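If you want the building blocks of each chain, they are given just below.
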Amino acid sequence: MSRFVELNLALILFLPWFAILGALFWLYPRQPRNAARRLFDAVSLAASVCAFVLAIRWAHRYAGDAYGAMWPQIFATSLGYGVFLATLTIAGVVRWRWLRRLTNFLD
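This text gives an overview of the structure that appears in the document. (Residues numbered from 1 in each chain as written. Predicted model: local features only at pLDDT ≥ 70, side-chain atom pairs only at ≥ 80, totals over all residues. Heavy atoms only, no water.)

**Things to note about the packing of helix H1 (residues 3-27) against helix H2 (residues 35-62)**
In the contact formed by H1 and H2, the axes pass within 11 Å of each other and the chain directions differ by 160°. Viewed along their axes, H1 and H2 adopt a mutual orientation that is roughly antiparallel. Here H1 runs over H2; the crossing is right-handed. Of H2, the residues touching H1 (which contributes Glu6, Leu7, Asn8, Ala10, Leu11, Phe18, Gly22, Phe25 and Trp26) are Arg37, Arg38, Asp41, Ala42, Ser44, Leu45, Phe52, Val53, Ile56, Arg57 and His60. Residues belonging to the contact of H1 with H2 are distributed by class as follows: eleven nonpolar, four polar and five charged. (Axes fitted to C-alpha atoms, helices over the stretch in contact; angles between N-to-C directions. Helix = DSSP H or I, 4+ residues; strand = E, 2+ residues; numbered from the N terminus. Parallel < 35°, antiparallel > 145°, perpendicular 65-115°, else oblique. Left-handed = near helix turned anticlockwise from the far one by under 90°. Contact = heavy atoms within 4.5 Å. Nonpolar A, V, L, I, M, F, W, Y, C, P; charged D, E, K, R; others polar.)

Here it is, written out as structure tokens:
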């Protein structure tokens, strides 16, 4: 396996699942949907993917192979997935509070 594929294997394998989670994040809640909300959602999704890539790169660099040759890949995948979900969760909470404040302001 080439080094490029080895470093990005977690991203390649998780990309369909990230697309599903990203679509759900983008679509719900349905209202309000304005330019600021679309920008926030796009930046949140991009930040989640960037955090994932940085986490797997870091994990590949610092995971030793004392537990076997697959350990760096397992560690990188687990850590990256957790970082992706944490980033998306934080963005969801921030968006929820922002939208709640916006609807209270408009009422």
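**Focus: the packing of aromatic side chains**
For the coordinates displayed, the defined rule picks out eleven aromatic pairs. Summarising the aromatic geometry, the rings of Phe18 and Tyr81 are spaced 6.4 Å apart at their centres and angled 5° between planes, so their arrangement reads as stacked. Separated by 63 residues along the polypeptide, Phe18 in helix H1 and Tyr81 in helix H3 (residues 71-106) bring together distant segments of the chain. Linked through ring pairs, Phe14, Phe18, Phe52, Tyr81 and Phe84 together constitute an aromatic cluster. For the cation-ring pair, Arg95 lies above Phe25, with the distance from its terminal atom to the ring centre recorded as 4.1 Å. In this structure, Arg100 packs its charged tip against the face of Trp96, placed 4.5 Å from the ring centre. (Phe/Tyr/Trp six-rings, centres within 6.5 Å; stacked < 30°, edge-to-face > 60°. Lys NZ or Arg CZ within 6 Å of the ring centre and 35° of its normal.)

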